[in-house]
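Structural overview
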Amino acid sequence: MRGTAAALALVYVDFLDELGSGVAPLSAADIRDDLGVAYGGIALVLLVAPLLLSMLVEGPLLLLSDRWRRDRVAALCVGLMGGFMIAAACTSSAWTLALAFGAWGSASGLACGLSQGLLMDAYPEARERWMTRWTLMGAIGDMATPLLILAVASLGLGWRAGLGLAGALHLLHAVVLARVRVQPAGTDECEHDDESERDAPLLERLRAGLRDRDLLMWLGACSLCCLLDEILVAFGVLFMRDELGAPIDTQAIAFAACAVGGVVGLAVTERLLPRIDGLRLLVLASLACAAAFVIWLQMRSIPASVAALFFVGFCVAPLYPICAARAYAARPGQAGLVAAIDQLFAPISLLAPLLIGLVADTIGIVVALGLLLVQPVGVGLVALAGLRRCRAAVVVGPSDPSMAYDEELAQRIRDLLADHPSYSERKMFGGLCFMFAGHMCAGVINDDLMLRVGPERFESTLARKHARPMDFTGRPSKGMVYVGKQGTKTKAQLQGWLTPALEFVDSLPPKQAKPKNKPKLR
C-alpha cells in the first residue's frame, strides 16, 4: 500500500488512538462503581497510568526513529495497542487495569509519534493539510467513542465489552498497516541549515532542539491541548452525572455533541486558514473556547449543557493542529526529534489529571473543571507572543522613504536569475522587486526575501522554517510571504525559495503592456 492510501492508513492511527483513549474515560462512572475507586483513583488508572511508561521509553525511541523504517514499527505498535486493550477488558482490579492502560499508552504514543512524524516528513510541502486531516480523524474517533459506548449500553453490555471491541479494531488495522510503505521525502536544502544534522549524535541533536525557542514554545502550547480532551471527558461525565443527574446514555450523547462540534470546527478551520493568518485564528479560537467553556459550567439543564458542549468542541478544534504544525515547521525534516522533545512536556499531561482529581475530591468537581481553562488561556498567550514577534519583524510600510533593502541579497538573486533574461527590476513596497512578464515574482525588503508563491502553495510555504506572512499593511497578503535572513544564507537555500515563486509566475498569462505617454525632453 503506497501513496495517498498509505498516508490515510497512517492518519487512521489517530482515530484508533482517540477511540482507545476515550472508551475508558467515557466509562469512568461504571468503572468507578465496578472497581470501587474514588475520583483520584479514576484519574490515576485512566489518565495517569497511560503516561507513566511513555515518559521513560518514548523520548529515546522517537529520537532514534528518524533513522528507522517507521511504517513497519508503527504497524507493530498498533498491534500491541490492540493486545493491551483486550487485556484491560479482562482485568479484575484497579491495579491490573492501570498496568494494562500504562502499556497501552506507551504503545499508543509510539504508534502516533511514528505515524504523525512519517506524514510530516513524507509530505513536507503539505504539513498543514495532513495535520488537519490527522486531527480531523482524531476528532471523528472522539465522536465515534460515545456512539460505541451508547451501542454497547443499548445491548446491555458493560465497559469491558467496549474495551474489547476497541481492541479488536486495533488488531484489524495493524494487519492493514503492515502493508503500508511510506518513506520520508528527500531533504530539501532550503529547509535545513545542515543536511547531516539528522545523522549527528543523539545528544547533539537533542541539545540543538532544546535551544530552539520556537519549537519549545509551540510544543508547550501543544501539551496544554490535553486538558480539553480526555481529561474533559473523564471529569465531564462525572460532572454531568453527579451535578445534573444525567444517565450514561445522556452522557454519551453530550460528548458525542462535543466531538461533532470538533469535526465541524476542523472543517471550518481548513476553510479559514487560507484567508486568516493562523496566529490570529489561534487567538480568536482561544478566546471563544474559554467563553464557551465557562458558559457550559454554568448550565444546569441537560439540553443546554449538550448545546454548550457542542460549541466547546467547535471552538477548541483549531488549537492543536495549528500549534502542532508550527512545532514541526520549526525543525523541518526532523519529526522524530520534535516528537522526542514533546515527551519532555509529558509531566503536564501526567500531573494535570492528578491535580484535577485532587481538587475534585477536596473542593468540588466544578472548581476542578474550571482549571481546564488553562488550555485556551495558555494557547492564546502563546499565539499573542507569536503575533508580537511577527509584528516586530514586519517592515514599517511602503510610505517610509528611508527604507532600504539588502543590496547583497538582491545581487545574489540577480546571479540566480541570470539564466532568465526576461526578468526586470522595479522599486516598490519600499524595496526592490523582480518582475517576470509584468508579474511580481520576488523581492527584497530590508533584510527579508519576499516571495509570491500563490494561494495553493501559501500554507505549505508558511509551514517552512524562517517563513512568515507578508502583512505590512496589517493583514496578510494571500500568496505572499517573507523569508527571514537566516533562511537565505546559502545559494541552495535561496534557490529553493525562489523556485516555487518562479513556477507560480510562469503559470500566469503575460500582462498586456499599458500604453505609455511620450517621454518629455529634459
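Note: the structure precedes this text.
Just so it is clear, the structure is predicted and the values come from calculations on it, not from any experiment. (Residues numbered from 1 in each chain as written. Predicted model: local features only at pLDDT ≥ 70, side-chain atom pairs only at ≥ 80, totals over all residues. Heavy atoms only, no water.)

What to know about the nonpolar core
When a protein is soluble and globular, its nonpolar side chains tend to lie buried together. Counting residues in hydrophobic clusters, the biggest one holds 122 residues, and the most contacted among them are Phe255, Trp296 and Leu369. The greatest single-element share of this core, amounting to 13 residues, is contributed by helix 5 (residues 94–122). Sequence-distant contacts of leucine 369, that is, excluding residues within four places in its chain, are made with Leu232, Phe235, Gly236, Phe239, Phe293, Trp296 and Leu297. Phe436, Ala442, Leu462 and Val505 belong to the second-largest nonpolar core, a separate cluster that totals 26 residues. (Core = buried A, V, L, I, M, F, W, Y, C linked by side-chain atoms within 4.5 Å. Buried < 20%, exposed > 50% of the residue type's maximum accessible area, 1.4 Å probe, protein only. Helix = DSSP H or I, 4+ residues; strand = E, 2+ residues; numbered from the N terminus. Contact = heavy atoms within 4.5 Å.)

Here's the deal with the sheet that holds strand 2 (residues 431–436)
Strands sit in the order 1-2-3-4-6-5 across an open sheet of 6 strands; the sheet is antiparallel. Of all the strands in the sheet, just strand 1 (423–428) and strand 5 (467–469) have a single pairing partner and so form its edges. Put simply, the sheet's adjacent strands are angled 25 degrees from each other on average, direction ignored. Bridge analysis of strand 5 against strand 6 (residues 480–483) gives 3 bridges, and the strand direction is antiparallel. Bridge pairing links arginine 468 to tyrosine 482 in strand 6. Sheet strands touched by helix 19 (residues 407–416): strand 1, strand 2, strand 3 (439–445) and strand 4 (448–452). Its angle to strand 2, the strand with the most contacts, is close to 10 degrees. Of the strands in this sheet, strand 2, strand 3, strand 4, strand 5 and strand 6 are in contact with helix 21 (residues 491–506), which crosses strand 4 at around 30 degrees. (Pairing = 2+ DSSP bridges. Axes fitted to C-alpha atoms, helices over the stretch in contact; angles between N-to-C directions.)

Describing the pattern of salt bridges
One pass over the structure, following the stated rule, counts 4 salt bridges. The residue arginine 241 makes a salt bridge to aspartate 242 at a minimum N-O spacing of 3.7 Å. Residue classification places arginine 241 among the partly exposed positions, given a relative accessible area of 25%. Judged by relative accessible area, which is 33%, aspartate 242 ranks as partly exposed. Residue arginine 457 pairs with glutamate 503 through a salt bridge whose shortest N-O separation is 2.8 Å. Of this pair, arginine 457 sits in the loop between strand 4 and helix 20 (458–462) while glutamate 503 sits in helix 21; the two residues are 46 residues apart in sequence, bridging distant segments of the chain. (Salt bridge = Lys/Arg side-chain N within 4 Å of Asp/Glu carboxyl O.)

Considerations on the packing of aromatic side chains
A complete count under the given rule lists 4 aromatic pairs for this structure. Relative to phenylalanine 311, the ring of phenylalanine 310 lies with its centre 5.4 Å away and its plane at 90 degrees, an arrangement referred to as edge-to-face. Taking relative accessible area as the criterion, phenylalanine 310 reaches 26% and is therefore assigned partly exposed. Here the guanidinium or amino end of arginine 133 rests over the ring plane of tryptophan 130, the centre of that ring lying 4.4 Å away. Lying over the aromatic face of tryptophan 497, arginine 464 brings its terminal NZ or CZ to 4.1 Å of the ring centre. (Phe/Tyr/Trp six-rings, centres within 6.5 Å; stacked < 30°, edge-to-face > 60°. Lys NZ or Arg CZ within 6 Å of the ring centre and 35° of its normal.)

Quick word on the environment of leucine 76
The topology assignment puts leucine 76 in helix 4 (residues 70–89). The class for leucine 76 is exposed, based on a relative accessible area of 54%. For the pair formed by leucine 76 and leucine 171, sequence separation is 95 residues and the distance between their alpha carbons is 9.7 Å.

Topic: the packing of helix 11 (residues 248–272) against helix 13 (residues 302–316)
Interaxial distance between helix 11 and helix 13 falls to 6 Å at its minimum, and their mutual angle equals 30 degrees. Classified by the interaxial angle, the pair formed by helix 11 and helix 13 is roughly parallel. Seen along the crossing, helix 11 lies across helix 13 with a hand that is right-handed. Only Ile302, Val306, Leu309, Phe310, Gly313 and Phe314 of helix 13 make contact with helix 11, whose side of the interface consists of Thr250, Ala254, Phe255, Ala257, Cys258, Val260, Gly261, Gly262, Val264, Gly265 and Val268. (Parallel < 35°, antiparallel > 145°, perpendicular 65-115°, else oblique. Left-handed = near helix turned anticlockwise from the far one by under 90°.)

Let's talk about helix 13
Given a rise of 1.5 Å per residue, 15 residues ought to cover 21 Å, and the 21 Å separating the end C-alpha atoms of helix 13 matches this to within 8%. Looking only at helix 13, the buried set comprises Ser305, Val306, Ala308, Leu309, Val312, Gly313, Cys315 and Val316. (Expected span 1.5 Å × (residues − 1).)

A word on a nonpolar patch on the surface
A cluster of nonpolar residues, Val260, Val264 and Val268, forms a patch on the protein surface that exposes about 170 Å² of accessible area. Counting through the fold element by element, valine 268 comes out in helix 11. For valine 268, a relative accessible area of 31% corresponds to the partly exposed category. (Patch = residues over 30% accessible without salt bridge, like charges linked within 9 Å, V, L, I, M, F, W, Y side chains within 5 Å. Areas by Shrake-Rupley, 256 points an atom, 1.4 Å probe, with all protein chains shown as cover.)

Considerations on unusual backbone geometry
Phi at asparagine 446 takes a positive value of approximately 55 degrees, unusual for a residue other than glycine. The class of asparagine 446 is partly exposed, set by a relative accessible area of 32%. Its identity as a non-glycine residue notwithstanding, histidine 466 has a phi of 80 degrees, on the positive side. Residue position: histidine 466 is located in the loop between helix 20 and strand 5. On the basis of relative accessibility, which here comes to 23%, the residue histidine 466 falls in the partly exposed class.

So, the pairing of strand 6
Side-chain alternation along strand 6 places Met480 and Tyr482 on one buried face and Val481 and Val483 on a second face that is also buried. Here strand 4 runs beside strand 6; their pairing, made up of 4 bridges, is antiparallel. Among the inter-strand pairings, leucine 449 is bridged to a residue of strand 6, identified as valine 483.

What about the packing of helix 10 (residues 227–244) against helix 13?
Direction vectors running N to C along helix 10 and helix 13 enclose 170 degrees, while the axes themselves pass 13 Å from each other. By the angle class used here, helix 10 and helix 13 are roughly antiparallel. Here helix 10 contributes Leu228, Leu232, Met240 and Leu244 to the contact with helix 13, which in turn contributes Ile302, Ser305, Leu309, Val312 and Val316. Tallied by class, residues from the contact of helix 10 with helix 13 come to 8 nonpolar, 1 polar and no charged. (Nonpolar A, V, L, I, M, F, W, Y, C, P; charged D, E, K, R; others polar.)

Regarding helix 19
Among the residues making up helix 19, those that are buried are Leu409, Ala410, Ile413, Arg414 and Leu416. Down the axis of helix 19, the smallest arc covering the buried residues is 165 degrees, so these residues share one side. Along helix 19, exposed side chains directed more than 90 degrees from the buried face belong to Glu408 and Asp415. On its buried face, helix 19 sits against strand 1, strand 2, strand 3, strand 4 and helix 21. Where helix 19 starts, the residue carrying a side-chain oxygen 3.0 Å from the main-chain nitrogen of glutamate 408 turns out to be aspartate 406. (Arc of directions from axis to C-beta. Polar contact = N/O pair within 3.5 Å; in protein donor to acceptor, adjacent residues only side chain to side chain.)

Considering the pairing of strand 4
In terms of residue burial, strand 4 counts as a mostly covered element, since 4 of its 5 residues are buried. Looking at chain direction, strand 3 and strand 4 are connected through 4 bridges and run antiparallel. Looking across to strand 4, one finds that valine 444 is bridged to leucine 449.

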